[in-house]
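Residue-level structural notes
Okay, here's what each chain looks like letter by letter:
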Amino acid sequence: MKMRALIGVLLLLNAAMLAWQWGALARWGWGPDVGREPERLQQQVRPEAIRFRIPEASDVPAAAASEASAGAAAASDAPAVVTAKEASAAQDAAEAASAAARAARKRAKAAAAAAAAAESP
């Protein structure tokens, strides 16, 4: 019987906490702290200096950019213009090539270590 009473009290406390957290008791002054801090806006240092920009083709690594521009130049005689999607694909290709090179170096090191272990008595 004690356990049932304890569970009932805990359920009531959870329901009260949920009502408090959702602000149901705010009209009586029992609401949670809303966490607004307008003074932080005044503490910002030069917020107008923040600029958002779309990466251009010049931001792509050189190898990927030359690969993408070579493909675009071969497709047409017009000046090569690399779109963001093409630049992203070129960057993904460059990252994949880099990962493949790292894996090849790991395999070469493992083979060298195995050869050295086989030669030692």
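Treat the numbers as computed from the prediction; the structure is a model and nothing was measured. (Residues numbered from 1 in each chain as written. Predicted model: local features only at pLDDT ≥ 70, side-chain atom pairs only at ≥ 80, totals over all residues. Heavy atoms only, no water.)

**Topic: the overall build of the chain**
Secondary structure summary: the chain contains 4 helices and 0 strands in total. Scanning the chain from its N terminus toward the C terminus, one meets helices and strands in the order α-α-α-α. The buried share of the chain, taken over its 121 residues, is 5%. Here the chain displays about 10,700 Å² of accessible surface, and carbon together with sulfur accounts for 63% of that area. (Helix = DSSP H or I, 4+ residues; strand = E, 2+ residues; numbered from the N terminus. Buried < 20%, exposed > 50% of the residue type's maximum accessible area, 1.4 Å probe, protein only. Areas by Shrake-Rupley, 256 points an atom, 1.4 Å probe, with all protein chains shown as cover.)

**A look at the packing of aromatic side chains**
As enumerated under the stated definition, the model contains 0 aromatic pairs in all. For Arg27, the ring lying beneath its charged end belongs to Trp28, and the centroid distance is 5.1 Å. (Phe/Tyr/Trp six-rings, centres within 6.5 Å; stacked < 30°, edge-to-face > 60°. Lys NZ or Arg CZ within 6 Å of the ring centre and 35° of its normal.)

**A short note on helix α1 (residues 2–21)**
Residue pairs spaced three or four apart in an α-helix point in one direction, given the helix's 3.6 residues per turn. Compared with the 28 Å implied by 1.5 Å per residue over 20 residues, the 28 Å span of α1 between its first and last C-alpha is a close match. Positive phi shows up at Gly23, right after α1, with a value of about 85°. (Expected span 1.5 Å × (residues − 1).)

**What about a nonpolar patch on the surface?**
Judged by side-chain polarity, Met3, Leu6, Ile7, Val9, Leu10, Leu11 and Leu13 come together as a nonpolar surface patch covering roughly 690 Å² of accessible area. Tracing the chain through its elements places Val9 in helix α1. By relative accessible area, which is 46% here, Val9 ends up partly exposed. (Patch = residues over 30% accessible without salt bridge, like charges linked within 9 Å, V, L, I, M, F, W, Y side chains within 5 Å. Salt bridge = Lys/Arg side-chain N within 4 Å of Asp/Glu carboxyl O.)

**Digging into the confidence of the model for the chain**
Residues with a pLDDT of 70 or more make up 76% of the chain, whose mean pLDDT is 78. Mean pLDDT across the elements of the chain bottoms out in helix α3 (residues 62–75) (54) and peaks in α1 (95). Predicted confidence for residues 75–80 stays below pLDDT 50, and this span has 3 contacts to residues more than four positions away or in other chains. (pLDDT = per-residue confidence, 0-100. Contact = heavy atoms within 4.5 Å.)

**Observations concerning the environment of Ser88**
Structurally, Ser88 is set in helix α4 (residues 84–119). What makes Ser88 partly exposed here is its relative accessible area of 37%. For the pair formed by Ser88 and Pro55, sequence separation is 33 residues and the distance between their alpha carbons is 9.6 Å.

**Quick word on a positive patch on the surface**
Together, Arg102, Arg105, Lys106 and Lys109 give the surface a local cluster of positive charge. The topology assignment puts Lys109 in helix α4. (Lys, Arg positive; Asp, Glu negative; His and termini not counted. Charge placed at Lys NZ, Arg CZ, Asp CG, Glu CD.)

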